[in-house]
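Each chain, written out:
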Amino acid sequence: MRHSVVDYVDIVGEEVIVSIYKLAGRLYNRSIVHINSTYYGGGVAEMLSSLIPLLNDVGISAGWRILKGSPDFFEITKKFHNSLQGDPINLSENKKRLYLQTNEDFASYTHIDHDLVIVHDPQPLPLIKFYHKKEPWIWRCHVDLSNPDQDLWNFLKRFIIRYESVIVSSEDYKKSDLPVEQRIFFPVIDPLSPKNRDISQSTIDSHLRKFKIPTDKPILVQISRFDKWKDPLGVLDIYEKVRQEVDCRLILCGSMASDDPEGWQIYQKVLNKAKSYIEQGDVILITAENHVLVNVLQRIAAVIIQKSLKEGFGLTVTEGLWKGKPVVASRVGGIPLQIEDGQTGYLLDPYDHDGFANRIIQLLTNPELGAELGRRGKEVVREKFLITRLLIDYLNLMDEMINRCGG
Ligand code: UDP
């Protein structure tokens with residue numbers, strides 16, 4: 001269902017809605033286009049599918065173009081993605097050629113006639129080289145750039161320096177060797193999306209039945225891909241410690257991309273380690289991709305865990321806080337931007353399993369404490385991490401780039 005900005009009034013208040021319309025009023029007849037490489041799957045596509053209709057709703061002409069590429073192209077850009085986050089890469093001429101050729105082909109049949117162009121992530125980054133540039137272009141990078149492979153970074157920089165500005169998700173991702181203006185947009189969630197909107201008890205019940213989840217004991221939940229950096233084995237270790245004190249269940253939910261062999265390997269390890277608990281029905285592993293189910297799990301959880309060893313922003317934390325739940329999480333990546341320890345949740349060293357277990361036990365034995373942390377956490381999300389804030393960020397950016405630059 002498409003939403004209008006006004007639909008958010010009960011969530012963010014009238015003043016925010018009025019400020020959005022006021023900003024948009026400076027931009028009527030102006031246009032913006034977002035370019036990324038997928039309609040579906042992943043946080044970027046999810047965010048664009050909420051954002052772009054809202055931009056149009058307030059009178060901006062906002063378009064969305066998707067870069068087309070072959071499986072080989074996406075294999076290469078997946079390697080680029082990993083290598084921007086520190087993995088080594090063999091940056092061959094072949095890889096560079098296919099990367100550029102795909103972008104050049106796309107440019108040859110994709111017209112861009114907008115006042116502002118936003119290019120998301122590395123896949124369409126070189127497009128800028130293949131256009132006669134007559135408007136500001138911004139590169140919105142959602143990837144952790146703190147430790148990139150240097151060869152790849154130097155190669156990509158040739159394109160990045162053509163842009164007016166770069167947007168990253170965290171102060172840590174700003175690059176000191178990049179003489180282009182860099183700004184930060186924190187990621188957001190859409191409170192009206194299937195993953196976050198209020199849901200009825202009958203929706204909750206039907207999902208619990210379908211996924212065979214009993215609710216006779218308190219439930220701990222971690223929603224995360226089966227990935228070594230999300231440390232599901234560590235979560236199991238913590239669960240074992242907790243259940244020595246308080247009887248409870250653990251649900252690990254991580255949808256599985258069929259082309260991710262590493263995910264299945266980690267899943268198998270978790271399965272082996274948790275075998276006896278799984279047989280008892282006390283540990284439940286879920287690999288379905290189902291946004292309403294994520295919503296349900298976050299709402300039935302007594303405590304939400306995010307025990308990442310490394311994290312980008314950690315949208316699962318945002319989602320958990322938005323459900324008013326106590327979140328016990330690692331002090332890594334963007335998580336400390338969202339949780340103030342002891343005020344809106346608990347932060348721990350990711351290797352401090354005893355610390356995690358103690359906080360969880362404390363919350364299980366004192367639900368009122370958890371409810372209070374959750375109430376406060378939800379207000380932080382309301383103020384800083386909802387889609388309406390991102391809409392304001394983009395309207396301000398358009399205003400600055402188009403109106404103030406005399407475009
Ligand atoms: N997610 C989901 N189903 C799952 C596991 C994760 O829909 O089984 C979603 C989750 O709700 C969140 C996103 O995937 O919106 C993960 O974002 P996050 O920033 O937490 O971690 P990432 O996977 O990007 O490292």
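Okay, so let's go over this structure. (Residues numbered from 1 in each chain as written. Predicted model: local features only at pLDDT ≥ 70, side-chain atom pairs only at ≥ 80, totals over all residues. Heavy atoms only, no water.)

As for the pattern of salt bridges
Per the stated rule, a full pass over the model turns up 28 salt bridges. Where Glu400 meets Arg183, a salt bridge forms, and the shortest distance between an N and an O atom there is 2.9 Å. Here Glu400, found in helix H16 (residues 387-404), pairs with Arg183, found in strand S6 (residues 181-184); they are 217 residues apart in sequence, far enough to count as distant. On the basis of relative accessibility, which here comes to 15%, the residue Arg183 falls in the buried class. When the shortest N-O distance is used, the salt bridge between Glu311 and Lys230 registers 2.9 Å. With Glu311 in the loop between strand S10 (303-306) and helix H12 (315-322) and Lys230 in the loop between strand S7 (219-223) and helix H8 (232-243), this residue pair connects regions lying 81 residues apart in the sequence. A single burial state applies to Glu311 and to Lys230, both of which are buried. (Salt bridge = Lys/Arg side-chain N within 4 Å of Asp/Glu carboxyl O. Helix = DSSP H or I, 4+ residues; strand = E, 2+ residues; numbered from the N terminus. Buried < 20%, exposed > 50% of the residue type's maximum accessible area, 1.4 Å probe, protein only.)

A short note on the packing of aromatic side chains
The final tally for this structure, using the stated rule, is 16 aromatic pairs. Centre to centre, the rings of Phe73 and Phe74 are 5.1 Å apart; their planes meet at 75 degrees, and the pair counts as edge-to-face. Its relative accessible area of 0% is what places Phe73 among the buried residues. Here Tyr131 and Trp137 contribute two aromatic rings whose centre-to-centre distance is 5.6 Å and whose plane-to-plane angle is 45 degrees, an arrangement assigned as tilted. Note on accessibility: Tyr131 and Trp137 belong to one class, buried. Taken together, the ring pairs connect Phe73, Phe74, Phe80, Tyr99, Phe155 and Phe159 into an aromatic cluster. Positioned above the aromatic ring of Phe356 is the side chain of Lys307, whose terminal nitrogen or guanidinium carbon lies 5.9 Å from the ring centre. The ring of Tyr346 carries the charged tip of Arg359 above its face, separated from the ring centre by 4.0 Å. (Phe/Tyr/Trp six-rings, centres within 6.5 Å; stacked < 30°, edge-to-face > 60°. Lys NZ or Arg CZ within 6 Å of the ring centre and 35° of its normal.)

Some details on unusual backbone geometry
The phi torsion at Asn29 lies on the positive side, around 70 degrees, for a residue other than glycine. Within the element layout of this structure, Asn29 appears in the loop between helix H2 (14-25) and strand S1 (31-36). A residue is classified by how much of its surface remains accessible, and Asn29, at 76% relative accessible area, is exposed. Non-glycine residue Lys212 carries a positive phi angle of around 55 degrees. Residue position: Lys212 is located in the loop between helix H7 (201-210) and S7. Overall, the relative accessible area of 69% leaves Lys212 in the exposed class.

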